[in-house]
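# Fold and contact review
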Amino acid sequence: NAELFPTHASVAEGLTRLLEHLRARLGEAQVLRVLPVADHRPERATRTVPAQGEAVAIPTATLAAAQAAAQSLLPLQRPAWLLPEPLPLAEAEDASPQIEGRPLQLLSGPERIEAGWWDGGTVARDYFVAQDHDGSLLWVYRGRLPPAPGEPTWFLQGRFG
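Residues numbered from 1 in each chain as written. Predicted model: local features only at pLDDT ≥ 70, side-chain atom pairs only at ≥ 80, totals over all residues. Heavy atoms only, no water.

## Details of the overall build of the protein chain
Counting its secondary structure elements, the protein chain contains two helices and nine strands. Overall, the protein chain shows an N-to-C arrangement of helices and strands of α-β-β-α-β-β-β-β-β-β-β. Sorting the 161 residues of the protein chain into buried and exposed places 28% on the buried side. Pairs at least 24 residues apart make up 44% of the contacts formed inside the protein chain by residues separated by at least 6 positions. (Helix = DSSP H or I, 4+ residues; strand = E, 2+ residues; numbered from the N terminus. Buried < 20%, exposed > 50% of the residue type's maximum accessible area, 1.4 Å probe, protein only. Contact = heavy atoms within 4.5 Å.)

Here it is as structure tokens:
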């Protein structure tokens, strides 16, 4: 970098070059960016789109809603990355969640999310931040809709850091 004070144009050019190198090595389908979506369901709150060399403007209303949601979640109450599919967890006799046969300690919650009735993707869940036996923080939920007999009620949705 030969510039003492980088300009917006030089930063954009560097980003374009980086994305071109990544696409050449990894393939077009592997270089993505995440955009916020106005949906309360965690698995539908973001979407991935191909990364472009230039910044694409996000609509102001969408950006404002995402920033407001992020501010309301400080300190961090949700993990940055979710599992591709929620993993079922075992349930102890006292109805608390277990992972690998060990009980989880619920640290905070519930955060109740009920959404999706308008599009057929109804969810009714209570989310908790839980701590595993090794100290790792997990984001788990308990389904509030009656499960089918033998179906789990607790699921692991994500992991913190």
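## Here's the deal with unusual backbone geometry
Following glycine 109, the chain continues to proline 110 via a peptide bond in cis, the omega torsion being 5°. With respect to the helices and strands, the residue proline 110 is situated in strand β6 (residues 105-115). One non-glycine residue, alanine 95, lies in positive phi territory at about 70°. Note that alanine 95 resides in the loop between β3 (82-91) and β4 (97-99).

## Notes on the nonpolar core
Within the largest apolar cluster, nine residues are counted, these being Leu89, Ile99, Leu104, Phe128, Ala130, Leu138, Val140, Trp154 and Leu156. Breaking this core down by element, the ones donating at least two residues are β7 (123-131), β8 (137-143) and β9 (154-159). Those residues in contact with leucine 104 that lie beyond four places of it in its chain are Leu89, Pro97, Gln98, Ile99, Ala130, Gln131, Asp132, Leu138 and Val140. Ranked by size, the runner-up nonpolar core spans eight residues in total, among them Val123, Tyr127, Tyr141 and Phe160. (Core = buried A, V, L, I, M, F, W, Y, C linked by side-chain atoms within 4.5 Å.)

## Some remarks on the sheet that holds β3
Sheet architecture is open: seven strands sit in the order β5-β4-β3-β9-β8-β7-β6, paired in antiparallel fashion. In this open sheet, the two edge strands, each paired with only one partner strand, are β5 (102-103) and β6. Direction of pairing for β8 relative to β9: antiparallel, over a ladder of five bridges. Within β9, the residue paired with tryptophan 139 across the bridge is glycine 158. (Pairing = 2+ DSSP bridges.)

## Structural notes on the side chain of arginine 41
If you trace the backbone, arginine 41 turns up in the loop between β1 (32-36) and β2 (46-50). Not counting the four nearest positions on each side in its chain, arginine 41 is found in contact with Ala115, Gly116, Trp118, Asp119, Gly121 and Val123.

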